[in-house]
Amino acid sequence: QVQLVESGGGLVQAGGSLRLSCVASGRTLSNYAMGWFRRAPGKEREFVGRITWGGNTDYAGSVKGRFTISRDNAKNTVYLQMNSLKLEDSAIYYCAALHPTSSNYNYWGQGTQVTVSS
């Protein structure tokens, strides 16, 4: 079993930056891709981006160029660097782990709140 714990959320002004972390425990995330998702009030959960075990990334169009995902496999940690934050980035952000043989994410964190103010 894998436990994922996000941290780093908070209140930030528009245009500012935050870095979220997601630490995995319970087992190594060897070969797992890691995704970031978010859910804003009254909206469906949406994909933010993901990173493969080897470090390849892809992003939702709404965050491309502003957000960067990285990982430190030795620390079992994934990061989401968010720059040029906009009001519409306010949401609960979740990390998730995807085994290479799975079609759905296997493990999810509890989420961390990001609020962007004007």
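Quantities reported herein were computed from a predicted structural model and do not represent experimental measurements.

Caption draft 1: Quick look at the packing of aromatic side chains. If you walk through the whole model with that rule in mind, you get five aromatic pairs. Ring geometry for Tyr 32 versus Tyr 107: centroids 6.2 Å apart, planes at 45°, classification tilted. In this pair, Tyr 32 is assigned in the loop between strand S3 (18-25) and strand S4 (33-39) and Tyr 107 in strand S10 (residues 107-108), connecting sequence segments 75 residues apart. Accessibility expressed as a relative area gives 16% for Tyr 107, which makes it buried. Where Phe 37 meets Phe 47, the ring centres are 5.7 Å apart and the plane angle is 70°; that geometry is what we call edge-to-face.

Caption draft 2: Focus on the nonpolar core. Counting 30 residues, the largest nonpolar core has Leu 4, Trp 36, Leu 80, Met 82 and Tyr 93 as the members making the most contacts within it. At the level of secondary structure, the elements contributing two or more residues to this core comprise S3, S4, strand S5 (46-51), strand S7 (67-72), strand S8 (77-82), strand S9 (91-98) and strand S11 (112-117). For Leu 4, the contacting residues outside a window of four places in its chain are Cys 22, Val 23, Ala 24, Leu 29, Met 34, Cys 95, Ala 96, Ala 97, Tyr 107, Trp 108, Gly 109 and Gln 110. Counting residues in each nonpolar core, the second largest holds five residues, with Ala 33, Phe 37, Ala 96 and Tyr 105 among its members.

Criteria and cut-off values
- Residues numbered from 1 in each chain as written.
- Predicted model: local features only at pLDDT ≥ 70, side-chain atom pairs only at ≥ 80, totals over all residues.
- Heavy atoms only, no water.
- Phe/Tyr/Trp six-rings, centres within 6.5 Å; stacked < 30°, edge-to-face > 60°.
- Helix = DSSP H or I, 4+ residues; strand = E, 2+ residues; numbered from the N terminus.
- Buried < 20%, exposed > 50% of the residue type's maximum accessible area, 1.4 Å probe, protein only.
- Core = buried A, V, L, I, M, F, W, Y, C linked by side-chain atoms within 4.5 Å.
- Contact = heavy atoms within 4.5 Å.

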